[in-house]
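Each chain, written out:
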Amino acid sequence: LIEQRGLQLLLAVPPHQAGRDSAGGHEDGKDHTGLGLVWQAATDMLCDYLEAHASTLFSGDSAWDEVCELGAGAGVCGMLAGRFGAHRVVLTDYHPSVLTLLRANVERNG
């Protein structure tokens, strides 16, 4: 559990769930969730932008009042958009383990 931008986040999937099927793993033994990839710089850049421009992006007359984050992972950017005033936020991802992590982060941060 870490704190980032006022959000409490789980950023890792337990090793027994990371990209593994019910039999216990993939043939190649690799994590197929995508969480092993580091997107920190892009996340930081987008969060900085949202924070700097929140008053205009989420003013009520903006198309940014509804946000859809594709490939949300831990959901940092989407949850931050919600905190800054987006009226509707949709967070998406593909892998079941990532979705479990995403749901836990949303529940933890409202």
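So, here is what we can say about the structure in this document. Remember, it's a predicted structure, so these values are computed and weren't measured experimentally.

1. Examining the pairing of strand β4 (residues 88-91)
At step 1: The pairing of strand β3 (residues 66-69) with β4 spans four bridges and is classified as parallel. Bridging from a neighbouring strand, Glu 69 pairs with Leu 91 of β4.
At step 2: Between β3 and its parallel partner β4, the chain crosses via helix α3 (residues 76-84), and the hand of that crossover is right-handed.

2. A closer look at the side chain of Asn 109
At step 1: Position of Asn 109 relative to the elements: it lies in helix α4 (residues 96-109).
At step 2: Since its relative accessible area comes to 12%, Asn 109 is described here as buried.
At step 3: Those residues in contact with Asn 109 that sit more than four places away from it in its chain are Gly 6, Leu 7, Gln 8, Leu 9, Met 79 and Arg 83.

3. Things to note about helix α1 (residues 40-52)
At step 1: End to end, α1 covers 18 Å across 13 residues, agreeing with the expected 18 Å (1.5 Å per residue, within 8%).
At step 2: Looking only at α1, the buried set comprises Thr 43, Cys 47 and Leu 50. The arc enclosing the buried residues of α1, seen along the axis, measures out at 60°, which places them on a common side. Exposed positions of α1 whose direction lies more than 90 degrees from the buried face are Ala 41, Met 45 and Ala 52.
At step 3: Each element contacted by the buried residues of α1 is listed here: α2 (54-57) and α3.

Parameters and conventions
- Residues numbered from 1 in each chain as written.
- Predicted model: local features only at pLDDT ≥ 70, side-chain atom pairs only at ≥ 80, totals over all residues.
- Heavy atoms only, no water.
- Pairing = 2+ DSSP bridges.
- Helix = DSSP H or I, 4+ residues; strand = E, 2+ residues; numbered from the N terminus.
- Right-handed = clockwise from strand over helix to strand, strands pointing away.
- Buried < 20%, exposed > 50% of the residue type's maximum accessible area, 1.4 Å probe, protein only.
- Contact = heavy atoms within 4.5 Å.
- Expected span 1.5 Å × (residues − 1).
- Arc of directions from axis to C-beta.

Read these as spatial facts, not as claims about activity.
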